[in-house]
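Structure assessment
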Amino acid sequence: MSKIIRIGTRDSELALWQATTVKDMLETLGHRAELVPVKSDGDLVLDKPLHEMGITGIFTKTLDVAMLRGAIDVAVHSMKDVPTKLPVGIVQAAVLERGNFLDILAFKNNEEFLAEREAVIATGSLRRKAQWLNRYPTHTVVDLRGNVNTRYEKLQTNDWNAAIFAAAGLERIGLEPDNTVGLTWMVPAPAQGAIMVVAMENDEFVREACAQLNHGPTEICTRQEREFLRILEGGCTAPIGALAYIDKDNEVNLKGVLLTVDGKKKLESELSAPLGRHEFLGRDCANSILSRGGKLLMNEIQGATLQTNVFSTKDLTHDQLGLFSDSVHVKSEDFIKVSPNRISAYELKKEKRNVILTSQNAVEALLKNVDGSDLNFENIYCVGRKTKRLIERHIGPVKHQEKYAEKLAEHLIEYMEGLEVTYFCSNLRLDTLPDILAENNIKVNEIQAYETKHAPRKVDDSVEGVMFYSPSAVESYLIKNAPDRIAYCIGETTATEARKHFSDVRVAEVPTVESVIELVNKNY
């Protein structure tokens, strides 16, 4: 045991604590060990580029480079920061017994903000951000970088409500704030709370020494968590969480989660297997998520790092996002918020000879007030095939349907029985249909079935085209954006509004979201 094992360490308080812990454990076993401070990787030179050697982890590559140069024998890492694929020639030598794996919320004053609509939470982790926004979608999450001490200091000096930390990191440096809440609902990062020791594959002496530090149950659990991460190809850049544990019946249990960065979409999987037959637990858990939309979700997450060239003013589904060609990088968000109005049940149940419904929103608003079977509508006229299907599913047969409001008005003038209609509309409805009918002596009784509110946001400068599904969406978009892009419109009514502002307006062949997507794909 004459060889002194050189343990490389960075100079942060947490890194020094971890390295010192390994040094003390080795010395207890009779080995000689010393800490070796390692400079930043910019001061270390290899004869090959880092990427050729598989060195990728932002928090680990400094020590990896030093080990490959022969400057140290061992490196100690927070295991959650270690890429799932180690650099060529470096191997996992030991995993120490796991500490606290929870995330905790440190707050300044009180916890009342958790029940409030507005709050500001700080974290530099995409996983924490996504899970927080999934649970508290109206809160704001701001970026927080630096070592543990620096991040805690920033919490005290900024106008934030709280910040999220790894409980193990705070505990290991003795920084345990009084005002904390354990986030038991938040799935931790794979291998959070565990410490990994790595060594050179060809250094048998060091590997054998470190093997004595290994904690079997922790190694089993973290291996499955990291396998889950590896298959999802998340690295440290996607919102992925995983936690495995061995219960009293010797069952290995694994829970994994994948989210979009904004927290709006989330997929989970929980599986278990008897100890000894758990080898493929991480793989099966990951494949379960991939088979239920995870692959598309990962593509969406990875695509979020690319410049957006198309923006949809309507939040799109997984299936719809999957229809875009590879060269289209799309973001989607609702620019219109809809809320149904309260309408007198007495008014709705009265017999109405002619009724106009120009959107699914209007139909859904009626059904929020009364059951469809209570509506006494003799002749129903509508715009759009989807609106027609919704009406016939819940209310009754449609007398006539057209693609556009103007065409429906022309039909009513020619064929409608009587000279009076009831029009269930929005507060932001267009004048086209009621004006045409009024000009032809048809009385229009308007009932505001729902409120349409603008919800604009500034789109990225890289956006070349915008997808619109209603005139109101065009109006909402223009509140914060210029009409200097291509306008892809779902139908002629929307296009009419867009042409008042945009020089390049294109219209889908069929008034469906899928047809608008097809229109976009043609341009790429």
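Note that the structure is predicted; figures quoted are calculated from it, not measured.

**What about the packing of aromatic side chains?**
Given two aromatic rings, one states the distance between the centres and the angle between the planes to describe the pair. Enumeration according to the criterion identifies 11 aromatic pairs in this entry. With a centroid separation of 5.9 Å and 45° between ring planes, the pair formed by Trp 132 and Trp 185 is classed as tilted. Note that Trp 132 is positioned in helix 3 (residues 126–135) and Trp 185 in the loop between strand 9 (180–182) and strand 10 (195–200), a separation of 53 residues in sequence. Residue class for Trp 132 comes out buried when judged on its relative accessible area of 1%. Each residue in the set Phe 311, Phe 335, Phe 468, Tyr 477 and Phe 502 is aromatic and connected to the rest through ring pairs, giving one cluster.

**Structural notes on the sheet that holds strand 19 (residues 400–402)**
Taking strand neighbours across the sheet as the criterion, the 6 strands line up as 16-21-20-17-18-19 in an open arrangement whose pairing is mixed. Edge positions in the sheet fall to strand 16 (336–340) and strand 19, since each of these pairs with one other strand and no more. When strand polarity is set aside, the average angle formed by the axes of neighbouring strands in this sheet is 25°. For strand 16 and strand 21 (residues 443–454), the ladder comprises 5 bridges, and the chain directions are antiparallel. Following the sheet pairing, Pro 340 is matched in strand 21 by Tyr 450. Taken strand by strand, helix 11 (residues 360–369) contacts strand 16, strand 17 (352–357), strand 18 (377–383), strand 20 (420–426) and strand 21, and its axis lies near 95° from that of strand 21. Here helix 12 (residues 385–394) sits on the sheet and contacts strand 17, strand 18 and strand 19; the angle it forms with strand 18, its principal contact strand, is near 155°.

**Brief notes about helix 1 (residues 13–28)**
Helix length check: helix 1, at 16 residues, gives a terminal C-alpha distance of 22 Å against a target of 22 Å (1.5 Å per residue), a fit within 8%. Restricting attention to buried positions, one finds in helix 1 the residues Leu 14, Ala 15, Gln 18, Ala 19, Thr 21, Val 22 and Leu 26. Down the axis, helix 1 shows its buried residues gathered within 150° of arc, on one side only. Looking one or two residues beyond helix 1, the residue adopting positive phi is Gly 30, at roughly 100°.

**A few points about the pairing of strand 22 (residues 465–468)**
With burial as the criterion, each face of strand 22 is covered, one bearing Gly 465 and Met 467 and the other bearing Val 466 and Phe 468. Note that the unit made of strand 22, helix 15 (residues 471–480) and strand 23 (residues 486–489) has a crossover that is right-handed.

**Looking at helix 15**
Taken together, the buried positions of helix 15 are Pro 471, Ser 472, Ala 473, Val 474, Ser 476 and Tyr 477. Close packing links the buried residues of helix 15 with strand 16, strand 21, strand 22 and helix 16 (492–499).

**With respect to the environment of Ala 242**
Secondary-structure assignment places Ala 242 in strand 11 (residues 240–246). We classify Ala 242 as buried; its relative accessible area is 0%. Residue contacts for Ala 242: discarding those within four places in its chain leaves Val 187, Pro 188, Ala 189, Pro 190, Glu 225, Phe 228, Leu 254, Lys 255 and Gly 256.

**So, the pattern of salt bridges**
Between side chains of opposite charge, a pair can form when the charged atoms approach closely. One pass over the structure, following the stated rule, counts 30 salt bridges. Residue Glu 225 pairs with Arg 98 through a salt bridge whose shortest N-O separation is 2.9 Å. Of this pair, Glu 225 sits in helix 7 (residues 216–232) while Arg 98 sits in the loop between strand 4 (90–95) and strand 5 (103–107), and the two are 127 residues apart along the sequence. Connected through salt bridges with shared partners, the residues Lys 3, Arg 6, Asp 73 and Asp 203 form a single ionic network.

**Some words on the confidence of the model for the protein chain**
When pLDDT is averaged along the protein chain, the result is 89; 94% of the residues meet or exceed 70. A low-confidence stretch, residues 41–58 (pLDDT under 50), is modelled with 31 contacts involving residues beyond four sequence positions or located in other chains.

Each value, and the rule that gives it
- Residues numbered from 1 in each chain as written.
- Predicted model: local features only at pLDDT ≥ 70, side-chain atom pairs only at ≥ 80, totals over all residues.
- Heavy atoms only, no water.
- Phe/Tyr/Trp six-rings, centres within 6.5 Å; stacked < 30°, edge-to-face > 60°.
- Helix = DSSP H or I, 4+ residues; strand = E, 2+ residues; numbered from the N terminus.
- Buried < 20%, exposed > 50% of the residue type's maximum accessible area, 1.4 Å probe, protein only.
- Pairing = 2+ DSSP bridges.
- Axes fitted to C-alpha atoms, helices over the stretch in contact; angles between N-to-C directions.
- Contact = heavy atoms within 4.5 Å.
- Expected span 1.5 Å × (residues − 1).
- Arc of directions from axis to C-beta.
- Right-handed = clockwise from strand over helix to strand, strands pointing away.
- Salt bridge = Lys/Arg side-chain N within 4 Å of Asp/Glu carboxyl O.
- pLDDT = per-residue confidence, 0-100.

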